[in-house]
Amino acid sequence: MTFQIHALPAEPFAPFFKMPDRELAQHNARLITAPDNTGYPCRVSLAEARKGERLLLVNYSHMPEASPYRATHAIYVREAAAQAYPAPGEVPNILIQRLISVRAFGADHLMRAADVIDGREAASAIDWMLADPDVAYLHLHSAMRGCFLASATRTG
C-alpha cells in the first residue's frame, strides 16, 4: 500500500506573524525564536526550525470534527515556511527522528487503532494501519510531547 503524509498549509498561519503580542494572546499564540536546531518541528514545512528562526507557537485544532476525540494542541510554524509535499511513501525526517504516536481513525472520526513507534519504522506502521479498510486516516504525533505533527492517508 502507498500512503501520503500531509503537512498543514501555510496560509492560515501567515497573519499571526504580523500580530502584536496582545492580539496573539487572544489566539492562544506567541512568536518565539528557536534557541536550537532541534526540537522545533514546523508542521507546514515538515522540517526542523534552525537556531535563530522566528516561529509561531499556536494552539491548533488538529481534530476539529464532532467526535469524542476532538483535540487541539500546540504546534510550531516557521515564519518563512512553504508547505511540504512529501512524495507518496516518503516519510519526512522530522518523523523519522522521533518517537511517534500513530492514531488511526475511521470516517466517523472514532479511533480504530493506535501505537507508539520508532520513527524509523513509520513507513511500515503507516502501511499496516492503512491496510485496515475501516481506517480512513492517521494522525501522527510526537509521543514525547503529544504534539500533532502530520496526517497520513492512502494514495490511489
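Note that the coordinates shown come from a computational prediction; the quantities given were computed from them, not determined experimentally.

A.B. asks: Quick one: what's the story with the side chain of histidine 62, residue by residue and with numbers?
C.D. replies: Structurally, histidine 62 can be placed in strand 3 (residues 54–63). Relative accessible area serves as the criterion here: at 10%, histidine 62 is assigned to the buried category. Among residues more than four places away in sequence, those in contact with histidine 62 are Ala71, Thr72, His73, His139, His141 and Phe148.

A.B. asks: Go over the sheet that holds strand 3, please, and point to the residues and values.
C.D. replies: Taken in spatial order, the three strands line up as 2-3-4 in an open sheet, and their pairing is antiparallel. Two strands lie at the open edges of the sheet, namely strand 2 (29–33) and strand 4 (71–78), each paired on one side alone. Looking at each pair of strands side by side, their axes are set apart by 35° on average, direction ignored.

A.B. asks: Describe the sheet that holds strand 8 (residues 148–154), listing the residues and the values that go with them.
C.D. replies: Hydrogen bonds along the backbone pair up the strands of a sheet, which may run parallel or antiparallel. Taking strand neighbours across the sheet as the criterion, the five strands line up as 1-8-7-5-6 in an open arrangement whose pairing is antiparallel. At either end of the open sheet lies a strand with only one pairing partner, and these are strand 1 (3–6) and strand 6 (111–118). Averaged over neighbouring strand pairs, the angle between their axes works out to 25° when direction is ignored. Looking at chain direction, strand 7 (residues 137–142) and strand 8 are connected through four bridges and run antiparallel. By the bridge assignment for strand 8, histidine 139 is matched with serine 151.

Conventions used here
- Position numbers for residues start from 1 in each chain and track the written sequence from start to end.
- Local features in this predicted model are restricted to residues whose pLDDT is 70 or higher, and side-chain atom pairs enter the listing and the counts only when it is 80 or higher, whereas totals over whole chains, interfaces and linings include all residues.
- Note that water and hydrogens are dropped before the side-chain values are worked out from all heavy atoms of the structure.
- Numbering of helices and strands runs from the N terminus; a helix is a DSSP stretch of H or I covering at least four residues, while a strand is a stretch of E covering at least two.
- Categorising residues by exposure relies on relative accessible area from a 1.4 Å probe, with only protein chains included: less than 20% of the type maximum marks a residue as buried, more than 50% marks it as exposed, and the intermediate range marks it as partly exposed.
- The contact criterion used is simple: two residues touch if any of their non-hydrogen atoms lie within 4.5 Å.
- DSSP calls a pair of strands paired once it identifies at least 2 bridges connecting them.
- With axes taken as lines fitted to C-alpha atoms, and helix axes fitted only over the stretch in contact, angles between N-to-C directions fall between 0 and 180 degrees.

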